[in-house]
Amino acid sequence: MDVDTRLLRYFLAVAEDGSVTRAAERVYVSQPALTKQIRQLETQLGVRLFDRSRSGMALTGPGRELARRAPKVLAAWDEALRATHAADRHASRVLRVGFVASAANEATQDIVAEFARRRPGWRVELRQAAWSNPSAGLAAGEVDAALLRLPFPGQDALRVEPLFGEPRWVALPATHPLAGHEVIAFRDLWDEPFVAAPAKTGAWRDHWLAADEREGRPVRVGAVTEQPDDWLTAIANGYGIALAPRSAARFYARPGIVYRPVTGVSPTHVGVAWAPADDHNPVVRDFVRCCLDLAREAAP
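These numbers were taken from a predicted model, which means no experiment stands behind them. (Residues numbered from 1 in each chain as written. Predicted model: local features only at pLDDT ≥ 70, side-chain atom pairs only at ≥ 80, totals over all residues. Heavy atoms only, no water.)

*Asks:* Would you mind going over unusual backbone geometry with me for this structure?
*Replies:* Note: most peptide bonds trans; most residues except glycine with negative phi. Following leucine 150, the chain continues into proline 151 via a peptide bond in cis, with omega recorded as -5 degrees. Along the chain, proline 151 turns up in the loop between strand S5 (145-150) and strand S6 (159-166). Non-glycine residue alanine 210 carries a positive phi angle of around 50 degrees. On the accessibility criterion, alanine 210 (0% relative accessible area) is buried. (Helix = DSSP H or I, 4+ residues; strand = E, 2+ residues; numbered from the N terminus. Buried < 20%, exposed > 50% of the residue type's maximum accessible area, 1.4 Å probe, protein only.)

*Asks:* Even after reading the chapter, I still don't get the state of the cysteines, so can you show me in this structure?
*Replies:* Working definition: the covalent bond between the sulfur atoms of two cysteines is a disulfide. Inspection of every chain in the model, using the stated rule, returns zero disulfides. Of all cysteine sulfurs, the one in cysteine 290 lies closest to cysteine 291, which takes part in no disulfide; the gap is 6.9 Å. Here cysteine 291 falls in the buried class, since its relative accessible area comes to 0%. (Disulfide = S-S within 2.5 Å.)

*Asks:* I would appreciate a short explanation of the environment of alanine 87 in the present structure.
*Replies:* Summarising the element assignment, alanine 87 is placed in helix H4 (residues 61-92). In this structure, the C-alpha to C-alpha distance between alanine 87 and glycine 222, residues 135 residues apart in sequence, is 45 Å.

*Asks:* Help me out: how do you make sense of the sheet that holds strand S13 (residues 268-274) in this one?
*Replies:* Backbone hydrogen bonds are what pair the strands of a sheet, in a parallel or an antiparallel way. Read across the sheet, five strands follow the order S4-S3-S5-S13-S6 without closing on themselves; strand pairing throughout is mixed. Taken across any chain shown, the strands that pair with only one partner, and hence form the sheet edges, are strand S4 (123-128) and S6. Recorded for the sheet is a direction-independent mean angle of 25 degrees between the axes of neighbouring strands. In this sheet, S13 lies alongside S6 in antiparallel orientation, the contact comprising seven bridges. Looking across to S13, one finds that valine 160 is bridged to alanine 273. This element, helix H5 (residues 107-118), spans strand S3 (94-99), S4 and S5 of the sheet and lies at about 150 degrees to S4. (Pairing = 2+ DSSP bridges. Axes fitted to C-alpha atoms, helices over the stretch in contact; angles between N-to-C directions. Contact = heavy atoms within 4.5 Å.)

*Asks:* Can you walk me through the nonpolar core in this structure?
*Replies:* Note on soluble globular proteins: their nonpolar side chains tend to be buried together. Formed by 48 residues in total, the largest nonpolar core has its most connected members in Val170, Phe186, Leu189, Trp231, Leu243 and Tyr259. Of all the secondary-structure elements, those providing two or more residues to this core are S5, strand S7 (168-173), strand S9 (193-196), helix H6 (203-209), helix H7 (228-236), strand S11 (242-245) and strand S12 (257-263). The contact partners of phenylalanine 186, leaving out residues within four places of it in the chain, are Phe194, Leu209, Ala210, Glu213, Arg214, Leu243, Val262, Thr263, Gly264 and Val265. Among the nonpolar cores identified, the runner-up in size contains 26 residues, and Val272, Val288, Cys291 and Ala295 belong to it. (Core = buried A, V, L, I, M, F, W, Y, C linked by side-chain atoms within 4.5 Å.)

By themselves these figures say nothing about function.
Shown next as structure tokens:
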């Protein structure tokens, strides 16, 4: 019998948290989707893994046995994937680096060039990810390192070095009543509809909605998007406004959209991230050092 390793990871999250709701937040999927995945695993195995009650999810006898053995299975699989990717990386001399949005802004090209200087014959392959994948494939082992906006889902399980911070601004339709203001107080935006990332991104979505900086006021979501072009289109069409890093005014300028500074909201940060298994990988470490040396020099 073949079981998707993703189902095992979801199972362990529920087993550890004792709650589908808390586990869904941790693995960044919706609660109904996670419930469906757990039932799918139970169907495949032909056993009941949890006793369900209003107080939470309690492991059954078979569930406890699976919870005891599954971490070793997943660890062995992760190690096999890392070894496979490492072999491919060294054979092709390509370092795969994931990123979201504008990566490390203008420092990105300098980082890539410096890495090539330090590692002759190697090159960086940049892979842009959708906002529904805010670790840019790093958490899934699809890339060797990543340039990311902090915080991002799964950050605690990875190595992260902050590079620089920048203010969060707001992107507005040019016809918006506040578009003519030089500076906008975040309080004045609380009742506006926002363009948001998918709900399954959890803390990532909340950060870009500044959900914990509204003094309890609920967020209004006018549209949900996963890609920069869709995000820009939704704003230009008046479906909502959005917080964005100040650099978005340079990288994502578009007719019909204006960017304005916002007071009363915390800044955003950019970091370089990698897997703990690569702590002593000399190629990954060289890339991280390039990021630290160059990105901070170009910090806003």
